[in-house]
Protein chains: 2
Amino acid sequence: SRELTMVNETQHTCSASSSSKSDGGSSSGSESSKDSSRCSTPVLDAERHERLREKMRRRQDSGDRWFSLEFFPPRTANAAVNLISRFDRMGAGGPLFIDVTWHPAGDPGSDKETSSMIIANTAVNYCGLETILHMTCCNQTKDDITGHLQKAKRLGLKNIMALRGDPAGEEWEEEVDGFNYAVDLVKHIRNEFDDYFDICVAGYPKGHPEAESYESDLKHLKEKVLAGADFIITQLFFRSETFIKFMKDCQAIGITCPIIPGIFPIQGYHSLRQLVKLSKLEVPQEIKDVIEPIKDNDAAIRNYGVELAVSMCRELLDSGMVHGLHFYTLNREVATTEVLKRLGLWKEDPRRPLPWAVSAHPKRRVEDVRPIFWASRPKSYIYRTQEWDDFPNGRWGNSSSPAFGELKDYYLFYLKSKSPREELLKMWGEELTCEESVFEVFTCYISGEPNKNGHKVTCMPWNDDPLATETNLLKEQLEKVNRRGILTINSQPNINGKPSTDPIVGWGPSGGYVFQKAYLEFFTSNEIVTALLKVLKKYESRVNYHIVNVKGQNITNAPDLQPNAVTWGIFPGREIIQPTVVDPVSFLSWKDEAFALWIEQWAKLYEEESPSRMIIQYIHDNYYLVNLVDNDFPLENCLWQVVDDTFELLNSPTQ
Amino acid sequence: SRELTMVNETQHTCSASSSSKSDGGSSSGSESSKDSSRCSTPVLDAERHERLREKMRRRQDSGDRWFSLEFFPPRTANAAVNLISRFDRMGAGGPLFIDVTWHPAGDPGSDKETSSMIIANTAVNYCGLETILHMTCCNQTKDDITGHLQKAKRLGLKNIMALRGDPAGEEWEEEVDGFNYAVDLVKHIRNEFDDYFDICVAGYPKGHPEAESYESDLKHLKEKVLAGADFIITQLFFRSETFIKFMKDCQAIGITCPIIPGIFPIQGYHSLRQLVKLSKLEVPQEIKDVIEPIKDNDAAIRNYGVELAVSMCRELLDSGMVHGLHFYTLNREVATTEVLKRLGLWKEDPRRPLPWAVSAHPKRRVEDVRPIFWASRPKSYIYRTQEWDDFPNGRWGNSSSPAFGELKDYYLFYLKSKSPREELLKMWGEELTCEESVFEVFTCYISGEPNKNGHKVTCMPWNDDPLATETNLLKEQLEKVNRRGILTINSQPNINGKPSTDPIVGWGPSGGYVFQKAYLEFFTSNEIVTALLKVLKKYESRVNYHIVNVKGQNITNAPDLQPNAVTWGIFPGREIIQPTVVDPVSFLSWKDEAFALWIEQWAKLYEEESPSRMIIQYIHDNYYLVNLVDNDFPLENCLWQVVDDTFELLNSPTQ
């Protein structure tokens, strides 16, 4: 009938099992309910569950343009700390992936903090970035390579850039049965790891410098693709025509996988010379003509480089052949960020899929609930839960919640403060004279005002970053209470159904509504806790509290050790997402860490037996860690009233 | 220190593992996180997870008085249907438990719909009532008894009233190695089933009629308790002093378990005489004196019986020795309900722990999510999921959602309509002439107005009960759309955070907030669906829809077969509860049932080949089942606008 045809035309297919669901001939409902393979997670962010090649495909299909960033491993431990914060900052711009190069001389597969393997591991697990690990094969045994690949897999890396690498000596000869070309590595990965890894290979728009000819190099590239490579990233080039010709030539010989142009924004005279020497490329005369006269003016060269890169990128994108751009950053931020911003590819307001930054480890892809306690220390949380086999999905209580790992390695480079000791001393005080001088540090961190020596306090042992935008909503009250010895380390305002696109408290896809219960967590003295407990009796049915000291003396009114959802979101067509909870059980693990940070990060800045150190030690030994939740999220946050009542009680004559 | 002591005094213990959490000496947080046995469910209703003896203890501790109700199995299948609706009605008053007597002559352990076993099974599983199954032991083999107990356990029964039963012949003799006394049955249950069952035994305030003496009977009672009985229910009595003396005598010989007085409201002259004969009790002269003169006036006797029971119950409760009252209902409602209401024990507004009635089967005690589709057919849902090993807890998507059982037995007594065929024909039409006469039936059901033959439509094939209070909120609009062929079978209004104590839409403990997305489910013609689909394009991001016909042709915009939470609640100190979902997968199982009900419940009322039957058959074959969810719960429900737009499109000249 006419109507039925029309109905079938408008039929939507379900991506999970479209064949069984859209099949008009199937008449048994119970049969289809057996067949369907249901996702176990609400999949707020579809990309989170896709492999890199699928993400590329999705972007290509939807016409969303993207970029990626290449970094090399750092030389020193300090540089590693800096590189990780660069990952966090540049990750905020929304790269589709980053890649980390492989330096055979730098022990790239080792556990050193400067190895390619560990940097890539950190990017995936701690910074939540989709990451490609480079790997070269020449002069290495099959066992070495398999070992590296197994380790990469174990660490959660899913993508390998398969390269030949530079031969060790000048006179390189093929080894029989060895890995002589990148194609050997591609084949090896596919043989040994089946389809586990997405494989990227290098393309040379001008032909590989050692290739017999441009044409024979194209043939080699096709061999790599046929052997199982999923996509190609090109060597840098200086003119868009170079890439476009290369792309057409690739297509002409039947290469159909994505080919991503490698963009090198010129950032300085010397780095350009060095790169050109290494890559054996020739800089076009028109570029040399501009650069040579300004070669001592770094700013001028960088401006020119940005200009050049922007116009070349525009040509590439306008050609319609390019959907993504790959940037050789040389581990620098400014030029690449500038180019991306001018191209409109840098995400100014990256939507958060969840209130906290998700990890990209495949094991954690379903994770969508965390305790609120580690909100400012997500890397520590990831570290302490890295051995978990299952991650909470949908509900916290649903996971069997295995034990948290001990945090002993406070100086792991990715958990370490970005600020050196001298700077911390300037912020937190060269010399402490009393508990109140500690209150002052907390107050300055909240207010943003310089301390009495004129230094701004931009981080704390519990917060390595400046105050969250959201926390600014509470700034005035926080400042007031810190001044009086309620030393806050975590808080959130109550939210009664703001749009999920709200720039400050929003998260998740658009069309949803987000909610929060007001939360306040702080250290405070025994005296204040005693008064607080009296006050809390008045709020018994409204406020949940957990109060614990370093010895584990624990006071709570939480019913049956249940977690309390304090952030949740309602989205179209979904179950409810409740990504942060106040959980009485994990609070005791957090307590150990929160108290230890007084000593590890602060007290140890001072000499043993020094008065400053003893003040911190006293606080560590005697203060309580308190968390409060106001369950009545639609009403005005009562936690400030609780604190006011507490101070009033302390100041009353009978006290 | 002074403060620390104070802190310890105010310490709250956590019921789940109070020893580990309140232990001030425990210093390792990670250790306690390993130890804690976390409940896997939010436990909104603590009683739901307790066994009967624990519930009794909790009520006794909290001073909450309670009642229980005794029923006997029905003689006929029709009487079984009536008894089940009586369970539902009297269950609404909030009994702590009901019990079902055991009639050796009535094949009490069989699968017949009139057996004690099946009636008790229905009470537990389908009516959600805590239930005690009586069981007698004399004249039965050990294997028979074990078989009955195993079957009871399998069906989810957790409580047994262990009785001797009446010997078969006049001259009863003890059997060697047989079950001669209730105590033998108690011992057998404890031997074979350990602590699985809660065991109740009978107490005789006047002594068992066959006992040597009152004292020796008390000794037998103590033996039953020592053998493992958990509590005692007494035989009926006529004076509160009788019970109070008995209670004191029991305590004097060391019986400490709960003793529950059995209350028999006199309901008629003949039933009293029969009961007295069976129980060999003597009616006190002062009662006889009142009753004899009015023995032919049923109403007068019942009024007197109520009066008498109320004053005796008051005396019992006032004695301070009684926390619960057990009523011998004789399967009648009026007198017992009246007594309970006058005592203030009948719950006028029973709080709903969840929006739907929970089942009392121990396997289902964690269940807290169901698809909305079976909202008006909860017994069918329970029936179709009875083979599930796990029930959704916290989230629907989290369960592996095994297949729904087929619903073939439409005439299972507990799934059957309460109304006989003749009554249904009066409501739904002796003769249908066109589709519009079907629209009229739906419209009358919604409006509550009588149909053109003057009969009110109080049930429908998809709703055996009158309209839910909540649905009344939508009555006007529902009436309008049904009249035009949008044949609604399920709906709910949107709710944006009402208190959980709201009398109409509230559920769960107090102090929470409940939310709903607007929902509308209906059958409608191909023509209307075609227009509706065009209209829905305008609402694509706001409204989720599933549209399916009997052949399984299925049209939906649900993302990835995800369930959509349409009812949820936020409670103090809890994770979010989301008890109803619109689930695309189970919708296809529901679809089979919803379409089949047209034929099974309606078409089959008419002769084969009759025009009335063919009209229903036509609707069954050609209509679509549609469900719509408006995701924007904080805004005004747009589903009525969707329907209006659809009719407007149908009426527009171009159509």
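Residues numbered from 1 in each chain as written. Chains lettered and ligands numbered in written order. Predicted model: local features only at pLDDT ≥ 70, side-chain atom pairs only at ≥ 80, totals over all residues. Heavy atoms only, no water.

Asks: Just to check I follow, could you spell out the sheet that holds strand 8 (residues 324-328) of chain B for this structure?
Replies: Within a sheet, neighbouring strands are paired by backbone hydrogen bonds and run either parallel or antiparallel to one another. Residues and elements named next belong to chain B. Strand order around the closed barrel formed by eight strands is 1-2-3-4-5-6-7-8, with parallel pairing between neighbours. On average, each strand axis in the sheet is tilted by 30° relative to the strand beside it, whichever way the strands run. One ladder, built from three bridges, connects strand 6 (residues 231-236) with strand 7 (residues 259-263); its direction is parallel. In the sheet register, L236 faces strand 7, and the bridge partner there is G262. (Pairing = 2+ DSSP bridges. Helix = DSSP H or I, 4+ residues; strand = E, 2+ residues; numbered from the N terminus. Axes fitted to C-alpha atoms, helices over the stretch in contact; angles between N-to-C directions.)

Asks: What should I look at first to understand the domain arrangement of chain A in this one?
Replies: One widely used convention gives an interface's size as the accessible area the parts lose upon coming together. By domain assignment, chain A separates into domain 1 (52-167 + 176-265 + 304-343) and domain 2 (393-403 + 416-651). Using only C-alpha atoms to locate each centre, domain 1 of chain A and domain 2 of chain A end up separated by 41 Å. (Domains from an automatic or database assignment.)

Asks: Help me understand the pattern of salt bridges in this model?
Replies: For side chains of opposite charge, pairing can occur when their charged atoms come near one another. Residue and element names in this part refer to chain A. Counting across every chain of the model gives 58 salt bridges over all chains. For the salt bridge of D88 with K379, the shortest nitrogen-to-oxygen distance reads 2.6 Å. Pair noted here: D88 is in helix 5 (residues 77-91) and K379 is in helix 15 (residues 378-384), with a separation of 291 residues, a long-range link. Judged by relative accessible area, D88 falls into the partly exposed class, the value being 33%. Here the salt bridges share partners, and the residues they tie into one network are R51, R53, R190, D195, D198 and D230. (Salt bridge = Lys/Arg side-chain N within 4 Å of Asp/Glu carboxyl O. Buried < 20%, exposed > 50% of the residue type's maximum accessible area, 1.4 Å probe, protein only.)

Asks: Would you mind showing me how to read the nonpolar core here?
Replies: One recurring pattern in soluble globular proteins is that nonpolar side chains are buried together. Formed by 174 residues in total, the largest nonpolar core has its most connected members in W462(A), W598(A), W602(A), W462(B), W598(B) and W602(B). Apart from residues lying up to four places away in sequence, W462(B) is in contact with S376(B), R377(B), F442(B), I489(B), F523(B), W590(B), A594(B), L597(B), W598(B) and W602(B). (Core = buried A, V, L, I, M, F, W, Y, C linked by side-chain atoms within 4.5 Å. Contact = heavy atoms within 4.5 Å.)

Asks: Whenever I open this one, the pairing of strand 5 (residues 198-203) of chain B confuses me. Can you help?
Replies: Residues and elements named next belong to chain B. Counting buried residues along strand 5, six of its six residues qualify, which places the element largely inside the surrounding structure. Going residue by residue along strand 5, you find D198, C200 and A202 tucked away on one face and I199, V201 and G203 tucked away on the opposite face as well. Bridge analysis of strand 4 (residues 159-163) against strand 5 gives four bridges, and the strand direction is parallel. Among the inter-strand pairings, I160 is bridged to a residue of strand 5, identified as I199. Taken together, strand 5, helix 9 (residues 214-226) and strand 6 form a β-α-β motif whose crossover is right-handed. (Right-handed = clockwise from strand over helix to strand, strands pointing away.)

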